[in-house]
Amino acid sequence: MTMYAALLRGINVSGRRKVPMAGLRTLLTGLGHGDVATYLQSGNAVFSSGSGDENTLAAELERAIEAQFGFPVECLVRDAAYLAAACPFPAVALQGRQLHVTYFDRPVGAARYAPLDAAAFLPEEFRLGDRALYLYAPDGLGRSKLAAALSRPSLNKGLTGTSRNWNTVARLVEMTGGGA
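Here's what I pulled together on the structure shown here. Note that this is a predicted model, so its numbers are computed, not measured.

Attention now moves to the overall build of the protein. Along its length, the protein carries six helices and eight strands. Secondary structure of the protein in N-to-C order comes out as β-α-β-β-α-β-α-β-β-β-α-α-β-α. Relative to a compact globule of 180 residues, whose C-alpha radius of gyration would be 16 Å, the protein shows 16 Å and is just as compact. Counting all 180 residues of the protein, 46% fall into the buried class. Taking the contacts inside the protein whose residues are at least 6 apart along the sequence as the reference set, 70% of them involve residues at least 24 apart. If you sum the accessible surface of the protein, you get close to 9000 Å²; carbon and sulfur atoms cover 52% of it. Across the protein, the centroid of the 18 positively charged side chains sits 7 Å from that of the 15 negatively charged ones.

So this is what it looks like as structure tokens:
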């Protein structure tokens, strides 16, 4: 059995698209997954499965959520090893609010973000990883001009992505046993 994290996109925001975490745990258990737990109310769940295919697990979860709650929710599923992979920033030296990661449904290349003048946003900075974009925003995400530029629809066309701060990522790594 492999431990996974399910990252749900855009739920429980401003009272819309409500997915209660107890309901999500019940749904995941009903799909045959074990070791089910959730973290926060923003769509983070961990579970064990013998499937081994993140895309199949995500599609299965998306169908089940829509059937159960009546609206579509995009989901990404990542295994414990992926979550624990090295961050291109010195994460241990930063505050969790300064570092964010956007996980994507497919690899992204540097050419996609080439139109951005990265030097214009310093000291903010981003780096690409495996199906991920890491953002260092020393003053936090809410004040980040680079975060706003990176979220332009023209830069992310055709991608499904969901973001988490580093505190959340670290907790999911712990919950999946990825740090062991």
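Right, let's talk about the pairing of strand β6 (residues 125-129) for a bit. With five bridges connecting them, β6 and strand β7 (residues 132-136) associate as antiparallel partners. Within the sheet, the bridge partner assigned to Glu-125 lies in β7 and is Tyr-136. Hairpin geometry of β6 and β7 is characterised by an intervening segment of two residues between the two adjacent antiparallel strands and by a positive phi of about 55° at Arg-131.

When two helices pack together, their arrangement is given by the angle between their axes and by how far apart the axes lie. Relative to each other, helix α1 (residues 21-30) and helix α2 (residues 54-69) sit at 125°, their axes nearing to 11 Å. With respect to their mutual orientation, α1 and α2 come out oblique. The chirality of how α1 crosses α2 is right-handed. Contacts between α1 and α2 pair Gly-23, Leu-24, Leu-27 and Leu-28 from the former with Leu-61, Ala-64, Ile-65, Gln-68 and Phe-69 from the latter. A breakdown of the residues in the contact of α1 with α2 according to their chemical character gives seven nonpolar, two polar and no charged.

The tally for this structure, following the rule as stated, stands at five aromatic pairs. When the centroid spacing of 5.8 Å and the interplanar angle of 55° are considered together, the rings of Tyr-82 and Tyr-103 count as tilted. Here the residue Tyr-82 occupies a position in helix α3 (residues 80-84), and Tyr-103 occupies one in strand β5 (residues 99-104), the gap between them amounting to 21 residues. The class of Tyr-82 is buried, set by a relative accessible area of 11%. Look at Tyr-113 and Phe-126: their rings are 5.6 Å apart centre to centre, the planes differ by 65°, and that puts the pair in the edge-to-face class. With a gap of 13 residues between them, Tyr-113 in the loop between β5 and β6 and Phe-126 in strand β6 connect regions that are remote in the sequence. With respect to burial, Tyr-113 and Phe-126 carry one shared label: buried.

If a probe as big as a water molecule is rolled over the atoms, it shows which places are left empty. Counted as a void, the largest pocket has a volume near 580 Å³. Here the lining of the largest pocket gets five residues from one element, more than from any other, and that element is strand β8 (residues 161-165). For the lining of the largest pocket, the residue count by class is twelve nonpolar, 13 polar and three charged.

To continue, consider the environment of Gly-43. Along the chain, Gly-43 falls in the loop between β2 (34-39) and β3 (44-49). Owing to a relative accessible area of 0%, Gly-43 belongs among the buried residues under this scheme. C-alpha separation for the pair Gly-43 and Leu-8, spaced 35 residues apart in sequence, amounts to 4.7 Å. Beyond its immediate sequence surroundings of up to four residues, Gly-43 is in contact with Ala-6, Leu-7, Leu-8, Ile-11, Met-21 and Arg-164.

Following the sequence through the fold, Ser-49 ends up in strand β3. For the pair Ser-49 and Ala-5, spaced 44 residues apart in the sequence, the C-alpha separation amounts to 11 Å. Contacts of Ser-49, omitting those with residues within four sequence positions, involve Met-1, Thr-2, Tyr-4, His-33 and Leu-57. Within the local environment of Ser-49, its side chain forms a polar contact with the backbone nitrogen of Ser-51, the two atoms lying 3.1 Å apart.

Reading the values: the criteria
- Residues numbered from 1 in each chain as written.
- Predicted model: local features only at pLDDT ≥ 70, side-chain atom pairs only at ≥ 80, totals over all residues.
- Heavy atoms only, no water.
- Helix = DSSP H or I, 4+ residues; strand = E, 2+ residues; numbered from the N terminus.
- Rg over C-alpha atoms; globule rule 2.2 N^0.38 Å.
- Buried < 20%, exposed > 50% of the residue type's maximum accessible area, 1.4 Å probe, protein only.
- Contact = heavy atoms within 4.5 Å.
- Areas by Shrake-Rupley, 256 points an atom, 1.4 Å probe, with all protein chains shown as cover.
- Lys, Arg positive; Asp, Glu negative; His and termini not counted.
- Charge placed at Lys NZ, Arg CZ, Asp CG, Glu CD.
- Pairing = 2+ DSSP bridges.
- Axes fitted to C-alpha atoms, helices over the stretch in contact; angles between N-to-C directions.
- Parallel < 35°, antiparallel > 145°, perpendicular 65-115°, else oblique.
- Left-handed = near helix turned anticlockwise from the far one by under 90°.
- Nonpolar A, V, L, I, M, F, W, Y, C, P; charged D, E, K, R; others polar.
- Phe/Tyr/Trp six-rings, centres within 6.5 Å; stacked < 30°, edge-to-face > 60°.
- 1 Å grid on protein atoms, 1.4 Å probe; cavity = no way out; pocket = protein on both sides within 12 Å on 5 of 7 lines; lining within 4 Å.
- Points joined across faces, edges and corners; volume = space filled by probe spheres on them.
- Polar contact = N/O pair within 3.5 Å; in protein donor to acceptor, adjacent residues only side chain to side chain.

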